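As a plain string of letters, each chain reads:
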Amino acid sequence: MLKRRYGRTKHMSTVAVFGAVALGQLSQSKADEVVRKVLDAGVNHFDIAPTYGEAESRLGPLMPNIRDEIFLGCKTTERSKKGALKEFNRSLERLQTERFDLYQLHAVTEMSELDKCIEKGGALEGVIEMREKGLTDYIGVTGHGFHAPSVFLEALNRFNFDSVLFPINPTLFADAVYRRDALELLERCAEENVGVMIIKSVAKEPWGEREHTYHTWYMPFDEQQQIQENINFALSFEQAHICTPGDDRLLDKVFTACENFEPLDEDEQAALIENRSIFETIF
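All of the points below concern the structure found in this document. Note that residues are indexed from 1 along each chain, following the sequence as it is written. Whole-chain, interface and lining totals are the exception, using all residues; otherwise, since this is a predicted model, local features are given only for residues with pLDDT of at least 70 and side-chain atom pairs are given and counted only at 80 or more. The basis for every side-chain value is the complete set of heavy atoms in the structure, and neither hydrogens nor water enter the calculation.

### Notes on the environment of Val164
Note on conventions: DSSP H or I runs of at least 4 residues are helices, E runs of at least 2 residues are strands, and numbering of each starts at the N terminus. Along the chain, the position of Val164 falls in strand β8 (residues 163–167). With 15 residues separating them along the chain, Val164 and Pro149 place their C-alpha atoms 9.2 Å apart. Contacts between residues were defined by any pair of non-hydrogen atoms, one from each residue, lying within 4.5 Å. Apart from residues lying up to four places away in sequence, Val164 is in contact with Tyr6, Val141, Phe152, Leu185, Cys189, Val194, Gly195, Val196 and Met197.

Written out as structure tokens, the structure reads:
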């Protein structure tokens, strides 16, 4: 699988990053099987958070044997320094590891959330303290929603974050404001060598009243051709990596799409945006 350097880190991450939220509702034996599948696919970058059900507890028993094989990113939704430090250490314990490669302020969806994280006594102070102790090398910020790109542009003004994680898919890019802000953020990240992880790359539309047939909170595309088109779209941004969706049943198709990735030119991107504009955005 194609690898790209993850921003200013020295790590050559596979373009597919394992979203370990997919482990959150699995038994230990099934989680073991899924992690082995991920590693067999060559994936070398894992992303996890304490809010992902039982994911940390499922991955933890495997960590002593795989830690040297992967770049490990974790997250906190805490907004205070005290809360972030507590969550940081609890994740280390659950994951049975001594350190993270990347630790991220999670779900920073509005400017008010950013303010809370960065103010005196906020979560960022705690994460910086952990970095000074050698317990994480890099610090990132993540978020969902229509405001994520504009919030992260401001976040980069306030702190030298090493990575950002936010949504990109053709349906979202049909919104002119979102597309403008996302492209500006991508350009800024390229200029400043900030790592970029893309989420919701294969999101189709909200579930609405329909039965949830996957663990994802949105309805995903699940046909190989549609997944391939959306992955081609997301990875056509040269510094991007995609985080796999939160259901292990989609992994094989996503990995296949990453292995068969072909970049789209501007006309092809525009055509796919037009094609996907018939779907409702998930936010």
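### Concerning the pattern of salt bridges
Should a side-chain nitrogen of Lys or Arg be within 4 Å of a carboxyl oxygen of Asp or Glu, the pair is scored as a salt bridge. On inspection of all chains with the given rule, the structure shows 21 salt bridges. Close ionic contact of Asp252 with Lys37 constitutes a salt bridge, the shortest N to O distance being 3.5 Å. In this pair, Asp252 is assigned in helix α11 (residues 251–259) and Lys37 in helix α1 (residues 28–40), connecting sequence segments 215 residues apart. For Lys133, the salt bridge is made with Glu129, and the minimal N-O distance between the two is 3.6 Å. What makes Glu129 partly exposed here is its relative accessible area of 23%. Three labels apply to residues, based on accessible area from a 1.4 Å probe with only protein chains included: buried if under 20% of the type maximum, exposed if over 50%, partly exposed otherwise in between.

### Points about the nonpolar core
Ranked by internal contacts, the top residues of the largest apolar core, which has 84 residues, are Phe18, Leu23, Phe46 and Phe166. Take this core: its biggest share by element is six residues, from helix α7 (residues 148–158). Setting aside anything within four residues of it in sequence, one finds Phe18 in contact with Leu23, Val34, Val38, Val43, His45, Phe46, Asp47, Thr244 and Leu251. To define a nonpolar core, start from buried Ala, Val, Leu, Ile, Met, Phe, Trp, Tyr and Cys residues and group those joined through side-chain atoms within 4.5 Å. Val17, Leu102, Leu165 and Met197 belong to the second largest nonpolar core, which has nine residues in total.

In short, shape yes, function no, at least from these values alone.
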